[in-house]
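Residue-level listing of the chains:
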Amino acid sequence: AADAPVLKEDGLKRFARSEYVPQTKGAAESGTLTVYQFVDASGAIAAFDYFKKPGREHLDPRLVDQAACSRDCTGVLFRSGKNVVREDFNSHGDTLDFIAHELIEHLPKALGTTGISPLLPSLLPAKGLDASSVRYALGPVGYQAMGGVVPAQVVGFDKSAETATAKYRSGGVLTLVLYPTPQIAGDHEREIESAVRQIGATAGTVVLRREGPLVALTTGPWVATDAKNMVEGVHLRSEVSFDKPMPLEFHTELRKTYTLLQSIAIFSGVGALAAVVLGLSLGFGRAGIRVLQGKPAATEPEFLRIDLRGISGKRLRAPKG
C-alpha cells in the first residue's frame, strides 16, 4: 500500500508475488519475490530507481538492463525491459541466484516503443557523476520520495513533465526536467526559479538554464563556476524512432521503380552488346568477301580524281540552260 501511489504514477500494469520457504531442514533461505510489469520501459526505470537502495551491482549486465542489491545481497533488485523484480530474502545463497536466472528467461518482452529507454537520464553529464544516485521520476509522489529538491507542485508533472536528479563529486545536485514543449518549459522555468529562490541559502548554489523543452538546475554545495559549466554542458539531442511498417503502396511503387530501372539497364546492356556484335560481323563479313574475290582483306581508301590536263589553257564555259 505504501508503494501504490508511486507505482500508479509509473504506469503499473500488473504484479505477482510469491513466498518461498525452505524445503529441507536446516536451510535458511526464505523470502518474498515480487514481479512488477509496467506499460513501458520508462515506468519500469522510474520504479527501479524508487526501489533501489544503496548497495552494489548484482547479476550479469548481459542478462538484465539494470541490477542492484543490498550491501549483504539479501535484497536483489533488477529490471528487464518493462519488468522490475524484487527479491527479499533473509540470506543470500544459491537458491536466490537460481530463482533470478530462471525468472529472467520467462519475463514478458518489451515490444516496439514500449522498450525504448527514456532520453532524460542519458543527458546527465558523466564527469563526476555518482551513478548510484541517479533517480528518474514521472510523478510528484515518486519525485518527493526519491529526494527531489524542487517543490513538486511547481515542477509541472500534470503537464507530463519527467525529471532526473543526480549527485556529483562535489556533493551538489543536478536536476533535469523535460517538458513536452518549449512553451510549457518556459512557464515552469519561472515558477521553479522563484520557488528555489524562496528556499534561501539552504538551496546552495542555484544556477538555472533552459534549452527548448529542457530545464537544468543546480543546487547544493557547488562552486559557482562548476555549477555554471555543468548546466551549460547539458544539451538536448533529438532521437527519432520509427517502428510503424511502411504502407503497402510505398512498397509497390518502390518495386515498380526498381523494376523499371532494372529493365532500362538490361535493355541498354543488350543494345550495346548487339551493336558490338553487328559491327564485328559486318567488318569481318566484308573482309571475307574481298578475300573470296581475290582481293586483299584490307584496302586503301579510294579517292575521286578530276583530270583537267586535256583542257589546260582553254576557257571553261558554263553549260547553257
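Cut-off values and rules
- Residues numbered from 1 in each chain as written.
- Predicted model: local features only at pLDDT ≥ 70, side-chain atom pairs only at ≥ 80, totals over all residues.
- Heavy atoms only, no water.
- Phe/Tyr/Trp six-rings, centres within 6.5 Å; stacked < 30°, edge-to-face > 60°.
- Helix = DSSP H or I, 4+ residues; strand = E, 2+ residues; numbered from the N terminus.
- Buried < 20%, exposed > 50% of the residue type's maximum accessible area, 1.4 Å probe, protein only.
- Pairing = 2+ DSSP bridges.
- Axes fitted to C-alpha atoms, helices over the stretch in contact; angles between N-to-C directions.
- Contact = heavy atoms within 4.5 Å.

Caption draft 1: Structural context of the packing of aromatic side chains. Throughout the structure, instances matching the rule amount to six aromatic pairs. Residues Tyr20 and Phe89 carry aromatic rings whose centres are separated by 6.2 Å and whose planes lie at 35° to one another, so their mutual orientation is tilted. Taken as a pair, Tyr20 in strand β1 (residues 12-20) and Phe89 in strand β5 (residues 83-89) lie far apart in primary sequence, 69 residues in all. Tyr20 gets classed as partly exposed once you look at its relative accessible area, which sits at 33%. Residue classification places Phe89 among the buried positions, given a relative accessible area of 7%.

Caption draft 2: Spotlight on the sheet that holds strand β10 (residues 214-219). A sheet is described by the order of its strands in space; here five strands give the open sequence β6-β7-β8-β10-β9, paired in antiparallel fashion. Each having just a single partner strand, β6 (135-137) and β9 (207-211) make up the two edges of the open sheet. Neighbour-to-neighbour, the strand axes of the sheet open up by a mean angle of 15°, direction not taken into account. On the sheet, helix α6 (residues 182-199) packs against β9 and β10 and is oriented at approximately 175° with respect to β9. The strands that helix α7 (residues 224-232) touches are β8 (173-178), β9 and β10; relative to β9, the one it contacts most, it runs at about 15°.

Caption draft 3: Spatial organisation of the pairing of β5. Most of β5 sits out of view: five of its seven residues are buried. Judged from the seven bridges that link them, strand β2 (residues 31-38) and β5 form a sheet pairing that is antiparallel. The residue bridging Gln37 from the neighbouring strand is Asn83, located in β5. The sheet contact formed by strand β4 (residues 75-80) and β5 spans six bridges and is antiparallel. Note that in β5 the partner of Phe78 across the bridge is Val85. Counted along the chain from β4 to the antiparallel partner β5, the turn is two residues long, and its residue Gly81 has a positive phi close to 65°.

Caption draft 4: Structural detail: the sheet that holds strand β3 (residues 66-69). Strand order in this open sheet of five strands is β1-β2-β5-β4-β3, and the pairing throughout is antiparallel. Two strands bound the open sheet, and with one partner strand each, they are β1 and β3. Averaged over all pairs of adjacent strands, the angle between their axes in this sheet comes to 10°, without regard to strand direction. Sheet analysis places β3 next to β4, joined by four bridges and oriented antiparallel. In the strand pairing of β4, Ala67 is matched with Phe78. Together, β2, β3, β4 and β5 form the strand contacts of helix α2 (residues 41-51), whose direction differs from that of β4 by roughly 165°.

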